[in-house]
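# Report on the structure
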Amino acid sequence: MFTSKQLLEMINNHCSNLQFERVPKGLYSPIKYVLDLGGKRIRPILMLMAYNLYKEDVSTAFSPAIGIETYHNYTLLHDDLMDRADKRRGKPTVHQVWNDNTAILSGDAMLVLAYQLMANSPSVHLKEIIDLFSITALEICEGQQLDMEFEVREDVKDSEYIEMIRLKTAVLLASSLKIGAILAGASVKDAQHLYDFGIQIGLAFQIKDDFLDTYGNTAIFGKNIGGDILCNKKTYLLVKAFEKANQVQKEELRNWMSDEKHEAKDKIEGVTQLYNQLGVKTICEDKMKEYYTKGIENLASIGVEENKKKELKDFAEHLMYREM
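Residues numbered from 1 in each chain as written. Predicted model: local features only at pLDDT ≥ 70, side-chain atom pairs only at ≥ 80, totals over all residues. Heavy atoms only, no water.

## A look at the packing of aromatic side chains
All told, the structure shown has eight aromatic pairs when counted by the stated rule. Pairing Tyr33 with Trp98 gives two aromatic rings, centres 5.4 Å apart and planes at 80 degrees, and the pair type is edge-to-face. Pair noted here: Tyr33 is in helix 2 (residues 25–35) and Trp98 is in the loop between helix 5 (94–97) and helix 6 (100–118), with a separation of 65 residues, a long-range link. For Tyr33, a relative accessible area of 23% puts it in the partly exposed group. You can call Trp98 partly exposed: its relative accessible area is 31%. Summarising the aromatic geometry, the rings of Tyr115 and Phe133 are spaced 4.8 Å apart at their centres and angled 55 degrees between planes, so their arrangement reads as tilted. Residue Tyr115 is found in helix 6, and its partner Phe133 is found in helix 7 (residues 123–150); the two are separated by 18 residues along the sequence. Looking at Phe133, the relative accessible area reads 1%, which means it is buried. (Phe/Tyr/Trp six-rings, centres within 6.5 Å; stacked < 30°, edge-to-face > 60°. Helix = DSSP H or I, 4+ residues; strand = E, 2+ residues; numbered from the N terminus. Buried < 20%, exposed > 50% of the residue type's maximum accessible area, 1.4 Å probe, protein only.)

Structural data, given as structure tokens:
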């Protein structure tokens, strides 16, 4: 079995060797730029790990694995444009280096390239994989739309938020695992267990992101704490805070969110203090553990030797307990 570190190195090497021979270069240079930024490569690693549960030669799954990474980066390219983000992985975003129109068009091209890479799957599995990939792409759009609608709502319920992050984040992790299993010829039952494992780990992963933005260690996290608070982003913590707050506390939250005259440091401290009063930190930690535990139960149900599951379990544990 390959370790996640070995798979990451393989994926990075494969990405760095990608060549775009088509023209105009102005369309493809931003794509190369984005893919060369690196990152955790979580989705292709999960796909190859799932494949590796059943087959040794993971190189035969490289094309769809790079396809899933290309698709993920396409969503980030468009997300950065929609959010007017200046940085991605410490580097200027595409719309900053080039312009908005280039970011849109190169992103569109990345989506097409992702489908081309995914279509390099064996014909016996092709329809099933393309169908799964397509519904996943639609679900991610649905999740993004919900996220945008939540920006102007105070009454977002816990269940609505969980559904949004399931669509926006978890389904791509789950599909990566299931595609890897399908490519390797796993049973329908195992492929579904891996999908369900991915959903649960994906939910825990996103809530962990929310948690770290408020309670992470800046030196380890790699960026300033409180960015979500400053931009009034609907996170699991904020949703639970409004749910748990009394009228006085809700009014205080509204005040922090509506008054742009607050100093950044004061706003972060004020909202975090309210979170602490409401027990939101513990609620968030408990919810992460709940999803993580469900995910591990799904992994345990997969019909392969226990020693083969170790790398996947260790990777999930790393995502759960990471500090960055």
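Now, onward.
## A closer look at unusual backbone geometry
Across the junction of Val23 and Pro24, the peptide omega takes the value 5 degrees, indicating a cis bond. Looking at the element boundaries, Pro24 is found in the loop between helix 1 (4–16) and helix 2. Here Arg41, not a glycine, exhibits a phi torsion of approximately 55 degrees, which is positive. Within the fold, Arg41 resides in the loop between helix 2 and helix 3 (42–52).

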